[in-house]
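# Commentary on secondary and tertiary structure
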Amino acid sequence: MTQDELKQAVAQAAADYVANNTPAGSIIGVGTGSTANFFIDALAAIKDRYKGAVASSEATRKRLEGHGIAVFDLNDIADIPVYVDGADEIDAGLNMIKGGGGALTREKIVAAVARTFVCICDASKLVDVMGSFPLPVEVIPMARAHVARELAKLGGTPVLREGFVTDNGNVILDVEGLSITDPKGLEARINQITGVVTNGLFAVRPANVLLLGTAEGVRTIT
């Protein structure tokens with residue numbers, strides 16, 4: 001199977017999971033990225049079952065609305081039973097690196113509200129130790145140089161994501177060369193650097209369920 005075929009299979013499995021585990025009339029949290037886009041397309045087939053969705057980015061909002069799915073402001077929503085999103089890397093503890101698409105802050109906010117976080121990805125994203133994928137860190141623009149110096153002290157090499165501004169008006173430093181053996185500790189440490197909005201480690205709030213696309217089919221890992 002091609003990578004896109006794996007993504008489509010796991011996205012359909014996620015739509016089935018949502019249909020089987022959330023009550024009718026729910027509002028679904030939806031992530032950002034290529035695998036999440038396949039999930040949106042699959043969700044469109046059962047959209048009449050749900051009230052709508054909360055989007056983690058402007059790109060996701062536009063795709064949802066393109067399918068006729070109502071999009072709600074998170075501030076108006078008290079309960080999200082499930083949030084579905086991809087990952088750039090995920091380990092056996094269901095800790096993740098996210099933010100390759102630049103939506104990490106809004107993704108982390110929606111994930112914090114959701115009762116269940118379902119991660120969807122293909123088998124290439126499952127790793128023993130995270131860090132091969134550069135860790136995104138969203139930064140207030142005036143703090144970019146300061147934050148880069150502090151990140152370098154942690155053993156990584158921060159690289160400005162050129163020509164990119166987040167939906168929140170900030171910049172991203174991608175930290176290369178890390179070997180992340182303590183995801184929760186590193187997430188907290190980076191978030192304490194003045195000028196950091198948040199970083200792409202999802203370990204304090206990891207996934208609850210991983211739907212992993214493999215050549216043998218979709219595996220469910222909890």
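Provided above is the structure to which this section pertains.
Residues numbered from 1 in each chain as written. Predicted model: local features only at pLDDT ≥ 70, side-chain atom pairs only at ≥ 80, totals over all residues. Heavy atoms only, no water.

This brings us to the sheet that holds strand β11 (residues 201-202). Pairing in this open sheet of three strands is antiparallel, and the strands run β4-β5-β11 from one edge to the other. Each having just a single partner strand, β4 (89-90) and β11 make up the two edges of the open sheet. Pairing analysis gives two bridges linking β4 to strand β5 (residues 96-97), with the strands arranged antiparallel. Considered in β5, the bridge of Ile 90 is made with Met 96. (Pairing = 2+ DSSP bridges. Helix = DSSP H or I, 4+ residues; strand = E, 2+ residues; numbered from the N terminus.)

Turning our eyes to something else, we now look at the sheet that holds strand β6 (residues 114-122). As summarised here, the arrangement of the six strands in space is β2-β1-β3-β6-β12-β13, forming an open sheet in which the pairing is mixed. In the strand order of this sheet, the two ends are held by β2 (52-55) and β13 (217-221), each with one partner. The mean angle between the axes of side-by-side strands here comes to 25°, regardless of whether they run parallel or antiparallel. Note that strand β3 (residues 80-85) and β6 share five bridges and pair parallel. (Axes fitted to C-alpha atoms, helices over the stretch in contact; angles between N-to-C directions.)

Here the focus is a nonpolar patch on the surface. On the surface, a cluster of nonpolar side chains totalling about 310 Å² of accessible area is made up of Ile 140, Met 142 and Val 197. With respect to the helices and strands, the residue Met 142 is situated in the loop between β7 (135-139) and α5 (144-153). Look at Met 142 and you get exposed, because its relative accessible area is 79%. (Patch = residues over 30% accessible without salt bridge, like charges linked within 9 Å, V, L, I, M, F, W, Y side chains within 5 Å. Areas by Shrake-Rupley, 256 points an atom, 1.4 Å probe, with all protein chains shown as cover. Salt bridge = Lys/Arg side-chain N within 4 Å of Asp/Glu carboxyl O. Buried < 20%, exposed > 50% of the residue type's maximum accessible area, 1.4 Å probe, protein only.)

This paragraph deals with the pattern of salt bridges. Counted by the stated rule, this structure contains eleven salt bridges. With its nearest N and O atoms 2.8 Å apart, the salt bridge here joins Arg 61 to Glu 58. Pair noted here: Arg 61 and Glu 58 are both in helix α3 (residues 58-66), with a separation of three residues, about one helical turn. Judged by its relative accessible area of 24%, Arg 61 is partly exposed.

Moving on to the nonpolar core. Generally speaking, soluble globular proteins have nonpolar side chains that are buried together. Counting 23 residues, the largest nonpolar core has Val 30, Phe 39, Val 84, Ile 120 and Leu 211 as the members making the most contacts within it. Broken down by secondary-structure element, the contributors of at least two residues to this core are α1 (3-21), β1 (27-30), α2 (34-43), β2, β3, β6 and β12 (209-214). Sorting elements by how many residues they give to this core places α1 first, with six residues. Excluding residues within four positions of it along the chain, Phe 39 makes contact with Ala 11, Ala 14, Ala 15, Val 18, Ile 28, Val 30, Val 84 and Ile 120. In terms of nonpolar packing, the next biggest core, distinct from the first, is built from 21 residues, Ile 27, Leu 74, Ile 90 and Ala 207 among them. (Core = buried A, V, L, I, M, F, W, Y, C linked by side-chain atoms within 4.5 Å. Contact = heavy atoms within 4.5 Å.)

So, on to the pairing of β7. Here β7 lies mainly inside the structure; five of its five residues are buried. Judged by which residues are buried, β7 turns out to be covered on both faces: Leu 135, Val 137 and Val 139 on one side and Pro 136 and Glu 138 on the other are all buried. Here β7 pairs with strand β9 (residues 171-176) via five bridges, running antiparallel. Its bridge partner being in β9, Pro 136 is matched across the sheet by Asp 174. The sheet contact formed by β7 and strand β10 (residues 196-199) spans three bridges and is antiparallel. Its bridge partner being in β10, Glu 138 is matched across the sheet by Thr 198.

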